[in-house]
Amino acid sequence: MKAVTWQGRRDVRVEDVPDPRIEKPTDAVIRITSSGLCGSDLHLYEVLTPFMTPGDILGHEPMGIVEEVGSEVTNLKPGDRVVVPFQISCGHCFMCDSGLTTQCETTQVTGEGMGAALFGYTRLYGAVPGAQAEYLRVPQAQFGPMKVPEGPPDDRFVYLSDVLPTAWQAVEYAAIPPGGSVAVLGLGPIGDMSCRIAKARGAEQVFGIDLVPERLARANRRGVKTYDLRAFDDEKALIHAIRDETGGRGPDAVIDAVGTEAHGSAAARLAQQATALMPRAVAAPLAERFSIDRLGALYMAIDLVRRGGTISLSGVYGGMADPIPLLTLFDKQTQLRMGQANVRRWSDQIMPYLTDDDPLGVEDFATHRVPLSEAPRAYEMFQRKEDGAIKILMKP
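Description of the structure in this document. Quantities reported herein were computed from a predicted structural model and do not represent experimental measurements. (Residues numbered from 1 in each chain as written. Predicted model: local features only at pLDDT ≥ 70, side-chain atom pairs only at ≥ 80, totals over all residues. Heavy atoms only, no water.)

This paragraph deals with the nonpolar core. Counting 69 residues, the largest nonpolar core has Tyr159, Leu160, Leu164, Val182, Met193, Tyr379 and Met394 as the members making the most contacts within it. No other element matches the eight residues that helix α3 (residues 163–174) contributes to this core. Shared between two domains, this core takes at least three residues from each, and those domains are domain 1 (2–162 + 342–394) and domain 2 (164–338). Ignoring sequence-local partners within four residues, the contact set of Leu164 consists of Tyr159, Met193, Ile197, Ile350, Leu354, Leu360 and Val362. (Core = buried A, V, L, I, M, F, W, Y, C linked by side-chain atoms within 4.5 Å. Buried < 20%, exposed > 50% of the residue type's maximum accessible area, 1.4 Å probe, protein only. Helix = DSSP H or I, 4+ residues; strand = E, 2+ residues; numbered from the N terminus. Domains from an automatic or database assignment. Contact = heavy atoms within 4.5 Å.)

Ring pairs (aromatic) are described by centroid distance and by the angle formed between their planes. Here the structure, examined in full by the defined rule, presents six aromatic pairs. Both rings, one in Tyr159 and one in Phe365, keep their centres 5.2 Å apart while their planes meet at 75 degrees; by these two values the pair is edge-to-face. Of this pair, Tyr159 sits in the loop between β8 (146–147) and α3 while Phe365 sits in the loop between α11 (343–350) and β15 (368–371); the two residues are 206 residues apart in sequence, bridging distant segments of the chain. Since its relative accessible area comes to 0%, Phe365 is described here as buried. Considering the side-chain rings of Tyr227 and Phe232, the 6.3 Å spacing of their centres and the 35 degrees angle between planes classify their relative orientation as tilted. Relative accessible area serves as the criterion here: at 8%, Tyr227 is assigned to the buried category. One aromatic cluster in this structure is built from Phe207, Tyr227 and Phe232. Its end group placed over the ring of Phe365, Arg218 keeps NZ or CZ at 4.6 Å from the ring centre. (Phe/Tyr/Trp six-rings, centres within 6.5 Å; stacked < 30°, edge-to-face > 60°. Lys NZ or Arg CZ within 6 Å of the ring centre and 35° of its normal.)

Attention shifts here to the packing of helix α6 (residues 235–245) against helix α9 (residues 296–304). As a packed pair, α6 and α9 sit with axes 10 Å apart at the nearest point and diverge in direction by 40 degrees. With respect to α9, the axis of α6 lies oblique. Relative to α9, the crossing made by α6 is right-handed. For the pair α6 and α9, contact is made by Glu235, Lys236, Ile239, Ile242 and Arg243 and by Gly296, Met300, Asp303 and Leu304, respectively. Broken down by class, the residue content of the contact of α6 with α9 amounts to four nonpolar, one polar and four charged. (Axes fitted to C-alpha atoms, helices over the stretch in contact; angles between N-to-C directions. Parallel < 35°, antiparallel > 145°, perpendicular 65-115°, else oblique. Left-handed = near helix turned anticlockwise from the far one by under 90°. Nonpolar A, V, L, I, M, F, W, Y, C, P; charged D, E, K, R; others polar.)

Moving on: the pairing of β15. In β15, alternate side chains face the same way, and those of His368 and Val370 are buried while those of Arg369 and Pro371 on the opposite face are not. As paired elements, β15 and strand β16 (residues 392–395) share four bridges and run parallel to each other. In the sheet register, Arg369 faces β16, and the bridge partner there is Leu393. In the classification by handedness, the crossover that spans β15, the intervening helix α12 (residues 375–384) and the parallel β16 is right-handed. (Pairing = 2+ DSSP bridges. Right-handed = clockwise from strand over helix to strand, strands pointing away.)

Within the open sheet, the three strands sit side by side as β2-β1-β4. Their pairing is antiparallel. Edge positions in the sheet fall to β2 (11–16) and β4 (56–57), since each of these pairs with one other strand and no more. Note that strand β1 (residues 2–8) and β2 share six bridges and pair antiparallel. Directly across from Ala3, in β2, lies its bridge partner Glu15. Contacting β1 and β2, α12 crosses the sheet at an angle of about 160 degrees to β2.

Structure below.
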């Protein structure tokens with residue numbers, strides 16, 4: 001089959017790889033009909049290269065048709081249309097029963113000290129072959145895949161794999177009070193969808209902050225009050241502008257949907273680039289022990305949120321030596337919640353929004369749809385934010 005493989009920093013290729021097969025009784029094999037390109041994939045494209053191996057298959061946002069199931073998968077049959085969560089979880093361990101499927105004790109990558117295995121996401125998360133491919137082996141298929149109805153286009157449901165539950169959890173963790181306010185830092189796919197969900201769930205004021213014109217215009221069209229970072233002399237001026245809209249206090253909650261790729265410290269950027277260029281045997285231990293994130297978005301969130309408010313982190317951070325301003329967080333009594341989205345915990349709550357009325361605008365959420373063969377160009381375009389690329393779907 002054809003699959004998108006990682007070959008090095010900023011080097012992905014579509015190659016022929018062996019077809020997946022049933023390896024355990026809890027496996028399924030699906031034929032992929034749509035697979036998303038995620039902002040998290042860009043971390044593999046550039047930042048997390050020390051943890052990648054040439055030939056790794058990328059991608060973690062798939063949906064498709066069940067081709068084959070293992071003997072212990074009784075909830076699916078060939079021909080079922082399914083969406084597959086980005087994490088692999090069993091559904092019956094202590095963590096899954098607690099709603100923390102990203103901490104699944106059956107699939108935890110204990111050798112790396114990490115949580116549940118993820119599709120297509122480095123050896124830290126199990127080096128499981130990913131979903132930007134023609135076919136996918138799905139472990140723990142007795143729990144993970146979600147059946148969806150025939151008829152509507154893939155775009156109606158494919159975001160249940162990652163974008164929708166990640167944004168839903170970001171809003172849930174933000175604990176926005178009824179009629180309250182939230183600022184969303186970063187208006188890429190997760191930030192954009194977080195704004196939509198916050199509005200749908202009753203937030204009175206939703207502020208969106210970015211510096212990419214297409215992202216700002218897109219959020220503004222859906223009723224978000226947007227702020228262009230480039231229009232202010234510095235971040236303090238932007239923070240004061242939002243405080244003026246919230247009685248001088250700041251928003252009740254801030255969602256950081258940027259993560260480690262924020263525009264921040266030049267030293268941190270150079271450190272990331274340096275480890276990405278080192279031999280993997282040297283770079284991986286250094287990155288695990290001493291990696292530093294670019295924390296510009298997190299620092300802004302801490303300054304911006306009102307006293308007693310909540311910061312919800314959905315952007316990916318991976319640094320082990322980050323200078324966090326704990327004194328400020330303590331003094332402001334700021335609540336901080338974070339983590340990979342627990343997809344199956346939220347999927348039943350999200351499904352009623354995926355109606356013909358399409359209140360979240362999922363059917364026109366993608367800006368680009370490309371064949372799998374154009375994946376290298378899609379990665380380059382997405383990384384450079386060219387051609388208004390905000391969300392890209394690949395069709396095998």
